[in-house]
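Residue-level listing of the chains:
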Amino acid sequence: MQATAKTTYVRIAPRKVQVVLDLIRRQPANKAMAILKHTPKAACEPLLKLLKSAMANAENNHNMDPERLYVAECNVGQGPTLKRIRPRAQGRANRINKKTSHITLTLREEE
């Protein structure tokens, strides 16, 4: 049995999220929550919210024990890129790409 939570269009680059996901992969859910609370990365805030949502899904929808949950799978994919323009000298313009992420988190119960 597994519980999944997904968030889309998060305004942070996928490679920044991937660094934090590597920290919590295959960790117990309670330990993963502590890691996210004490890691000074921008990606931790949406990931903490996503982990809480996945734990609530496991408890309420699948009747799983929250003490025995662990992060089985977590991955991030790139969403659409917001393209912006920064004015430069002599009438030129530079492109600024603001990347978005789609994040999926799966929790399972320990055997």
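This text gives an overview of the structure that appears in the document. (Residues numbered from 1 in each chain as written. Predicted model: local features only at pLDDT ≥ 70, side-chain atom pairs only at ≥ 80, totals over all residues. Heavy atoms only, no water.)

## Some words on the packing of helix H2 (residues 29-37) against helix H3 (residues 44-61)
Now for step 1: Packing of H2 against H3 brings their axes to within 9 Å, and their N-to-C directions diverge by 160°. The angle between H2 and H3 places the two elements in the roughly antiparallel class. With respect to the hand of their crossing, H2 and H3 are arranged in left-handed fashion. For the pair H2 and H3, contact is made by Ala29, Asn30, Ala32, Met33, Leu36 and Lys37 and by Cys44, Leu47, Leu48, Leu51, Lys52 and Met55, respectively.
Now for step 2: Its residues assigned to classes, the contact of H2 with H3 comprises 9 nonpolar, 1 polar and 2 charged. (Axes fitted to C-alpha atoms, helices over the stretch in contact; angles between N-to-C directions. Helix = DSSP H or I, 4+ residues; strand = E, 2+ residues; numbered from the N terminus. Parallel < 35°, antiparallel > 145°, perpendicular 65-115°, else oblique. Left-handed = near helix turned anticlockwise from the far one by under 90°. Contact = heavy atoms within 4.5 Å. Nonpolar A, V, L, I, M, F, W, Y, C, P; charged D, E, K, R; others polar.)

## With respect to H2
Now for step 1: Those residues of H2 that fall on the buried side of the exposure criterion are Ala29, Ala32, Met33 and Leu36. All buried residues of H2 project into a common sector of 100° when viewed along the axis, lining one side.
Now for step 2: Looking at the buried positions of H2, the neighbouring elements they touch are helix H1 (14-24), H3 and strand S2 (69-78). (Buried < 20%, exposed > 50% of the residue type's maximum accessible area, 1.4 Å probe, protein only. Arc of directions from axis to C-beta.)

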